[in-house]
Amino acid sequence: MLSAQERAQVAQVWDLIAGHEAPFGAELLLRLFTVYPSTKTYFKHLGDRPDEVQLLSHGQRVLEAVGVAVRHMDNLRAALSPLADLHAHVLRVDPTNFPLLIQCFQVVLASHLQGEFTVEMQVVWDKFLTGLAVVLTEKYR
Amino acid sequence: MVHLTGEEKSAVTALWGKVNVEEVGGEALGRLLVVYPWTQRFFESFGDLSTADAVMKNPNVKKHGQKVLASFSEGLKHLDDLKGTFAALSELHCDKLHVDPENFRLLGNVLVVVLARHGKEFTPELQSAYQKVVAGVATALAHKYH
């Protein structure tokens, strides 16, 4: 699905995030909850206004999973199988929410990389994250 | 109609004041055509769109992006009546251009990502306000479809 060059570009951007999974993830979730408040329905345990500690903790978990995906781009289904099971049988997040998260991810990347957020980075990460979402929702039925 | 608080309206206007409308238009349209290449179906007469670089440097893309954003800019002055403001354009996009309204949502999202390159000042609250605006414009442009 991703060419060798695209995989290299995904990895290149990931290098800028690696080590900063918690703050990146926290900002991602904060944007998601602020811009698309209905997404909070999947995070009842975080309350109506999740605090920084909760956002950092859960944000780190989400970004670490993205990191797993980056390291297994040629074998996403196997690498993410447990997470796919979780989303299908426990979390059951409606698939329409993944594009909302992806939009917020792009905004986080753009606001951190600014002038360096090239169109090539944007298209490759959109393709990669969309593929990730497909794998996570594949076992839904 | 878009419901923004007074604070949101000020923040939206303040950022827009710093935006190079000509440049951002071309940037947003170019990124739309690269990130979602199927959108190129409406621009077959634009010349070379074969690579990301070709798209971003294409003078027709820049010119058209500018036109689109000027229209968007006008919309920002009429947030209380977007449907009225974009009524004629809505009819044009349906009857003559035959554009699926999903494309307006895609462009709106790309525009938000382009604006985010302003950095930390593009706070979650500002993103939220702009996402409401672009959603409102997309809805207004789809309003006259039949």
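As recorded by an unreviewed UniProt entry, chain B carries the name Globin domain-containing protein and is attributed to Monodon monoceros. The UniProt entry for chain B carries this comment under Sequence similarities (unreviewed entry): "Belongs to the globin family." Under Subunit (unreviewed entry), UniProt gives the following word-for-word description of chain B: "Heterotetramer of two alpha chains and two beta chains."

Chain A goes by Hemoglobin subunit mu in an unreviewed UniProt entry, where it is assigned to Tursiops truncatus. As recorded by UniProt, the Sequence similarities (unreviewed entry) comment attached to chain A reads in full: "Belongs to the globin family."

Moving on, we come to the environment of His78(B). Looking at the element boundaries, His78(B) is found in the loop between helix H4 (59–76) and helix H5 (82–85). According to the relative accessible area criterion, His78(B) is partly exposed, its value standing at 34%.

Glancing now at the environment of Asn58(B). Residues and elements named next belong to chain B. Residue position: Asn 58 is located in the loop between helix H3 (52–57) and H4. A residue is classified by how much of its surface remains accessible, and Asn 58, at 4% relative accessible area, is buried. Distance from Asn 58 to Phe 46, taken between C-alpha atoms, is 7.9 Å for residues 12 residues apart in sequence. Apart from the residues within four sequence positions on either side, Asn 58 is in contact with Phe 46, Gly 47, Asp 48 and Leu 49.

How each quantity is defined
- Residues numbered from 1 in each chain as written.
- Chains lettered and ligands numbered in written order.
- Predicted model: local features only at pLDDT ≥ 70, side-chain atom pairs only at ≥ 80, totals over all residues.
- Heavy atoms only, no water.
- UniProt positions renumbered as here; feature names shortened; annotations may be inferred.
- Helix = DSSP H or I, 4+ residues; strand = E, 2+ residues; numbered from the N terminus.
- Buried < 20%, exposed > 50% of the residue type's maximum accessible area, 1.4 Å probe, protein only.
- Contact = heavy atoms within 4.5 Å.

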